[in-house]
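# Analysis of the macromolecular model
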Amino acid sequence: MSRKCVFVVIAVLLMVAPASAQLIFDTQAFPVVARGAGLAGTQWVTDLTVYNPTDAEVTVGLHFSPANQDSMFNPTFPTRITLQAGETLMVEDVLLSTFGFDEDIKGSLTLICDPMFLPGNQEDAMILAVTRTYNTGGVEGTYGQTVPSLISSVNVGWTSSFITGARNDTAFRSNLGISGTSPMAAPRVYYRVTTADGAVAAEGSKQLRVASMNQWSFASLGIGVVDGPLTVELWLDPDDASEDPCADDFPVGFLAYVSKIDQMSGDAEYLTAAPLMPFLCMMEE
């Protein structure tokens, strides 16, 4: 695997780490950020927090890929922020303040500080980042979900990914989100949702756009009111998978999540899809 990987799947995906771990690295990937109205009077925005753990200034390039459309990116990463050594920066309502979107929009977000793309950075430049997507529509305060960078949770077709703890009943509603991780491919991802006793509540597939994401309510997947917890299984179409992801500069893969929302308060919980077999390749320098 070479260091010339770009975009969401950049070489950072090749780190050995558990699927749930956050990594300090030169790239951070978030499958969903949002701004706009939701159901039941909810109003969603995303804040971004970035930390520079190194002893030198670091410039961070940001790329936003809108949902459900093919995405192109500029390898010079013209949208940038700069952090001093040890600085933690919070960017409130990042889609408005950084990208200028004042309408309803959602998509995926990539941060990078690799000196290959940002030559002023030191060779060991690294960052840690996290987002919070929350509902501002209530007078009681904000309700939301922290979304970590999921660089170690990519599924490249070796096995299934699973999300458990979803609900779709009178107390909670859930949404399924899937984000493609290749800048050159539009993969198809299959899903199966099962009830507490293992019965199939819904199954099908979703065709993604190039380097893009989308989100679907469980109701739109054909899931009615179901008592008890639900589990989602997802897998990549074998015809779309790379023959050897570890040797491919742009391995085809996906990230997935469930957003579970309290029907009364509008509070949201973020559930990450964990691959049964993580993408474990060591990166060559």
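Data block above holds the structure.
A few points on the structure. Bear in mind the structure is a predicted one, so any value in this text is a computation, not a measurement.

Turning to the overall build of the protein chain, a few remarks are in order. Scanning the protein chain from terminus to terminus reveals one helix and 17 strands. Counting the 285 residues in the protein chain, one finds 54% classified as buried. Long-range pairs, those at least 24 residues apart, make up 77% of the contacts in the protein chain with a sequence separation of at least 6.

Here five strands make up an open sheet; going across it, the order is β12-β11-β14-β9-β17 and the pairing antiparallel. Each of the sheet's edge strands pairs with one partner strand only, and the pair in question is β12 (200-207) and β17 (274-275). Here six bridges tie strand β11 (residues 188-194) to strand β14 (residues 226-236), and the two strands are oriented antiparallel to one another. The partner of Tyr-190 across the bridge, within β14, is Trp-235.

Bringing the sheet that holds strand β16 (residues 268-272) into the picture now. The strand order across the open sheet formed by four strands is β13-β10-β15-β16, and the pairing between neighbours is antiparallel. In the strand order of this sheet, the two ends are held by β13 (213-217) and β16, each with one partner. Between one strand axis and the next, the sheet turns by 20 degrees as a mean value, whatever way the strands run. Judged from the five bridges that link them, strand β10 (residues 172-180) and β13 form a sheet pairing that is antiparallel. By the bridge assignment, Asn-175 is partnered in β13 with Ser-217.

Okay, the environment of Met-213 next. Relative to the helices and strands, Met-213 resides in strand β13. A relative accessible area of 1% places Met-213 in the buried class. Linking Met-213 and Gly-177, residues 36 residues apart in sequence, is a C-alpha distance of 7.1 Å. Those residues in contact with Met-213 that lie beyond four places of it in its chain are Pro-31, Val-32, Ala-67, Asn-68, Lys-106, Gly-107, Ser-108, Ile-178, Ser-179 and Tyr-257.

Here we come to the packing of aromatic side chains. Counted by the stated rule, this structure contains five aromatic pairs. Relative to Trp-235, the ring of Tyr-190 lies with its centre 5.9 Å away and its plane at 10 degrees, an arrangement referred to as stacked. Separated by 45 residues along the polypeptide, Tyr-190 in strand β11 and Trp-235 in strand β14 bring together distant segments of the chain. Judged by its relative accessible area of 23%, Trp-235 falls in the partly exposed class. Here the aromatic rings of Tyr-257 and Tyr-270 are separated by 5.3 Å at their centres, their planes lie at 25 degrees, and the arrangement is stacked. With Tyr-257 in strand β15 (residues 254-262) and Tyr-270 in strand β16, this residue pair connects regions lying 13 residues apart in the sequence. Among the residues examined, Tyr-270 registers a relative accessible area of 11% and is labelled buried. An aromatic cluster of three or more residues is present, and its members are Phe-64, Phe-99 and Phe-101. Here the basic side chain of Lys-260 rests over the ring of Phe-172, its NZ or CZ set 5.3 Å away from the ring centre.

A few words on the pattern of salt bridges. As enumerated under the stated definition, the model contains six salt bridges in all. Residues Glu-233 and Arg-192 are paired through a salt bridge, measuring 3.0 Å at the closest nitrogen-oxygen approach. You can see Glu-233 sitting in strand β14 and its partner Arg-192 sitting in strand β11, a full 41 residues away along the chain. The network of salt bridges with shared partners includes Arg-192, Glu-203 and Glu-233.

Let us look at the pairing of strand β9 (residues 161-168). Sheet analysis places β9 next to β14, joined by six bridges and oriented antiparallel. Paired with Ser-161 across the two strands is Leu-234, which belongs to β14. When β9 meets β17, the two strands line up antiparallel, connected through two bridges. Looking at the pairing, Phe-162 lines up with Ala-274 of β17.

We now examine the nonpolar core. Within the largest apolar cluster, 25 residues are counted, with the highest numbers of intra-cluster contacts made by Ile-163, Leu-176, Ile-178, Phe-218 and Leu-234. Contributing elements (two or more residues each) for this core: β9, β10, β11, β14 and β15. Per element, the largest residue contribution to this core is five residues, and it comes from β14. Apart from residues lying up to four places away in sequence, Leu-234 is in contact with Asn-155, Ser-160, Ser-161, Ile-163, Leu-176, Ile-178, Val-189, Tyr-190, Tyr-191, Phe-254, Ala-256 and Ala-273. Judged by nonpolar contacts, the second largest core, of 20 residues, contains Leu-62, Phe-64, Ile-105 and Cys-113.

Phi is positive for Asp-93, which is not a glycine, with a value near 45 degrees. Here Asp-93 shows up in the loop between β5 (88-91) and α1 (94-97). For Asp-93, a relative accessible area of 14% puts it in the buried group. A positive phi is found at Ala-211, a non-glycine position, where the angle reads about 50 degrees. By relative accessible area, which is 2% here, Ala-211 ends up buried.

The rules behind these values
- Starting afresh in each chain, residues are numbered from 1 along the sequence in its written order.
- Where local features are concerned, this predicted model is filtered to residues with pLDDT of at least 70; where side-chain atom pairs are given and counted, the filter is 80 or more; whole-chain, interface and lining totals use all residues.
- To obtain the side-chain values, all non-hydrogen atoms of the structure were used and water was disregarded.
- A helix here means a DSSP run of H or I that spans at least four residues, while a strand means a run of E at least two residues long, and both kinds are numbered starting from the N terminus.
- Note on classification: 1.4 Å probe, protein chains only; a residue is buried when its accessible area is under 20% of the maximum for its type, exposed when over 50%, partly exposed between these limits.
- Here a residue-residue contact requires only that any non-hydrogen atoms of the pair lie within 4.5 Å.
- At least two bridges found by DSSP between two strands are what make those strands a pair.
- In this analysis, axes come from line fits to C-alpha atoms, helices being fitted only over the stretch in contact, and the angle between any two N-to-C directions falls in the range 0 to 180 degrees.
- Geometry of aromatic contacts follows a simple scheme: Phe, Tyr and Trp rings, the Trp one being its six-membered ring, pair when their centres are within 6.5 Å, and the pair is stacked under 30 degrees between planes, edge-to-face over 60, tilted otherwise.
- Charge over a ring is defined by NZ of Lys or CZ of Arg lying within 6 Å of the ring centre and within 35 degrees of the ring normal.
- When a carboxyl oxygen of Asp or Glu is within 4 Å of a side-chain nitrogen of Lys or Arg, the pair counts as a salt bridge.
- Nonpolar core, defined: a set of buried Ala, Val, Leu, Ile, Met, Phe, Trp, Tyr and Cys residues in which side-chain atoms within 4.5 Å join the residues together.

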